[in-house]
Amino acid sequence: MSDFGPDDLPIRDDLRGRTPYGAPQLDVPVALNTNENPFPPSERLVEALGSAVSDAARGLNRYPDRDAVRLREALARYLGHGLDADRVWAANGSNEVLQQILQVFGGPGRTAMGFEPSYSMHPVITEVTGTRWITAERGADFRIDPDRAEELIAEHRPDVLFLTSPNNPTGTALPLETIARLAAAAPGMVVVDEAYAEFRREGTPSALTLLPDHPRLIVSRTMSKAFALAGARLGYLAAHPAVVRALQLVRLPYHLSAVTQAVALTALEFSDELLAGVKQLREERDALVEWLRAQGFSVADSDANFVLFGEFEDRGAVFRGMLENGVLIREVGPPRWLRATVGTPEEMSAFREALLRVTA
Ligand SMILES: *Cc1c(COP(=O)(O)O)cnc(C)c1O
């Protein structure tokens with residue numbers, strides 16, 4: 001009976017033949033494949049988390065605050081830009097935030113559009129919510145040509161437009177003027193996925209500054225990357241209060257556990273410490289870009305905690321060679337390129353050594 005699979009069940013026709021999301025989770029000495037933050041929480045933070053979780057544990061017989069108000073207030077304070085709890089929403093990872101957005105603004109008969117190469121979960125979440133995905137292409141240097149993008153928006157009139165900045169897997173940030181133009185041109189909702197916002201280079205602005213002028217603009221963020229909290233699952237967004245109220249139509253009651261809320265609130269109290277780690281990673285990233293270029297590789301400008309580099313005749317061979325040397329990177333994005341997350345200084349020297357050995 002072992003070959004009896006999901007397709008043998010009466011699943012939705014549009015799910016037949018699909019494979020689940022699956023970045024490899026391998027046990028390797030140096031894991032640079034999912035853009036996690038390499039720094040585990042400090043002992044001080046671990047202790048604070050422990051006592052916050054203990055406090056939450058004493059009330060676990062009750063449902064948590066359905067609207068996570070204290071957490072949303074703290075997230076709004078962290079974001080600044082005059083935001084408040086009414087303009088912030090949180091869920092279990094920004095993937096759940098994006099799913100809720102598509103449940104409200106997408107669905108059967110509706111469309112979402114994004115500029116590829118970009119985050120592979122955008123089309124997955126789109127299609128799984130019954131929304132049709134429309135692929136647009138990024139141009140030279142993985143940028144979005146605003147004239148071409150405006151034409152595509154006029155032609156397809158997507159209900160949801162995804163703009164990822166800084167983009168994954170290329171690291172490319174969008175100029176604010178491009179986001180403003182496309183937000184004005186788009187007839188539906190515009191989601192700027194800023195999962196890597198804290199890693200932006202000096203002078204790269206956030207789309208948060210555009211919110212007051214664009215009631216259909218949503219900026220999504222996550223604690224998975226900069227806050228080194230991928231395991232806790234906390235994503236959030238900032239938008240017009242009407243958007244937040246609309247999302248409450250589809251969120252499951254009590255979707256954010258009391259433990260998750262306590263963990264996220266505590267981590268936010270340690271913002272300064274966590275953002276110091278981000279600063280170190282940004283410096284490590286800039287050094288990595290410089291080193292790769294000095295070795296003759298092409299590297300996309302990166303405003304994130306990873307770099308996309310190439311170009312390789314056979315990137316699969318390089319990927320496997322790196323893995324044999326204990327370094328797991330990611331075979332993703334355009335065919336001749338590979339992506340590597342920025343790790344600790346020790347991990348990066350292992351990466352450099354392995355890459356030189358594999359490409360010698
Ligand atoms: C990593 C990543 C996310 C984060 O997802 P979470 O569910 O918050 O862990 C969102 N968007 C992009 C573009 C990412 O790369």
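Conventions we followed
- Residues numbered from 1 in each chain as written.
- Predicted model: local features only at pLDDT ≥ 70, side-chain atom pairs only at ≥ 80, totals over all residues.
- Heavy atoms only, no water.
- Pairing = 2+ DSSP bridges.
- Helix = DSSP H or I, 4+ residues; strand = E, 2+ residues; numbered from the N terminus.
- Axes fitted to C-alpha atoms, helices over the stretch in contact; angles between N-to-C directions.
- Contact = heavy atoms within 4.5 Å.
- Phe/Tyr/Trp six-rings, centres within 6.5 Å; stacked < 30°, edge-to-face > 60°.
- UniProt positions renumbered as here; feature names shortened; annotations may be inferred.
- Near = heavy atom within 4 Å.
- Polar contact = N/O pair within 3.5 Å; in protein donor to acceptor, adjacent residues only side chain to side chain.
- Areas by Shrake-Rupley, 256 points an atom, 1.4 Å probe, with all protein chains shown as cover.
- 1 Å grid on protein atoms, 1.4 Å probe; cavity = no way out; pocket = protein on both sides within 12 Å on 5 of 7 lines; lining within 4 Å.
- Sits in = over half its atoms within 2 Å of the grid points.

Undergrad: A description of the sheet that holds strand E12 (residues 337-341) should follow, citing residues and the corresponding values.
TA: Strand order in the open sheet formed by three strands is E9-E10-E12, with antiparallel pairing between adjacent strands. Where the open sheet ends on each side, the last strands, each with one partner, are strand E9 (298-299) and E12. Here two bridges tie E9 to strand E10 (residues 306-310), and the two strands are oriented antiparallel to one another. Each residue of the ladder has a partner; that of Val 299, found in E10, is Phe 309.

Undergrad: So what's going on with the sheet that holds strand E7 (residues 217-222)? Which residues, and what values?
TA: Taken together, seven strands build an open sheet; the order of strands is E2-E8-E7-E6-E5-E3-E4 and the sheet is mixed. Two strands bound the open sheet, and with one partner strand each, they are strand E2 (88-91) and strand E4 (132-137). Taken over all neighbouring pairs, the strand axes of this sheet differ in orientation by 25° on average, direction set aside. In the sheet, strand E3 (residues 111-116) pairs with strand E5 (residues 160-164) via three bridges, with the strands oriented parallel. For Gly 114, the partnering residue across the bridge sits in E5 and is Phe 162. Set on the sheet, helix H5 (residues 146-156) makes contact with E3, E4 and E5; between it and E3 the angle comes to about 160°.

Undergrad: Can you explain the packing of aromatic side chains? Please cite residues and give values.
TA: One pass over the structure, following the stated rule, counts nine aromatic pairs. Here Tyr 78 and Phe 227 contribute two aromatic rings whose centre-to-centre distance is 5.0 Å and whose plane-to-plane angle is 85°, an arrangement assigned as edge-to-face. A residue pair is termed long-range when its members are at least 10 positions apart, and Tyr 78 in helix H2 (residues 69-79) and Phe 227 in the loop between E7 and strand E8 (235-239) qualify at 149 residues. Taking the centre distance of 6.0 Å and the plane angle of 45° together, the rings of Trp 133 and Phe 162 count as tilted.

Undergrad: Can you lay out the UniProt feature "domain: Aminotransferase class I/classII large" (unreviewed entry) in the protein chain for me, pointing to particular residues and giving the numbers?
TA: When the UniProt feature table is mapped onto this chain numbering, "domain: Aminotransferase class I/classII large" (unreviewed entry) sits at residues 30-355. Helix makes up 40% of residues 30-355 and strand makes up 16%, while its end C-alpha atoms are separated by 13 Å.

Undergrad: An account of the site of the ligand is needed here, citing residue identities and associated values.
TA: Around the ligand sit 13 residues, and of these Ser 94, Tyr 196, Thr 222, Ser 224 and Lys 225 come closest. In the model, an oxygen atom of the ligand is placed 3.0 Å from a nitrogen or oxygen of the Asn 95 side chain. Contacts to the ligand include Arg 233, whose side-chain N or O atom sits 2.7 Å from an oxygen atom. For the ligand, the accessible surface in isolation is 390 Å², of which the surrounding protein chains cover 94%. Mapping the ligand onto the cavity grids shows that it belongs to the largest pocket.

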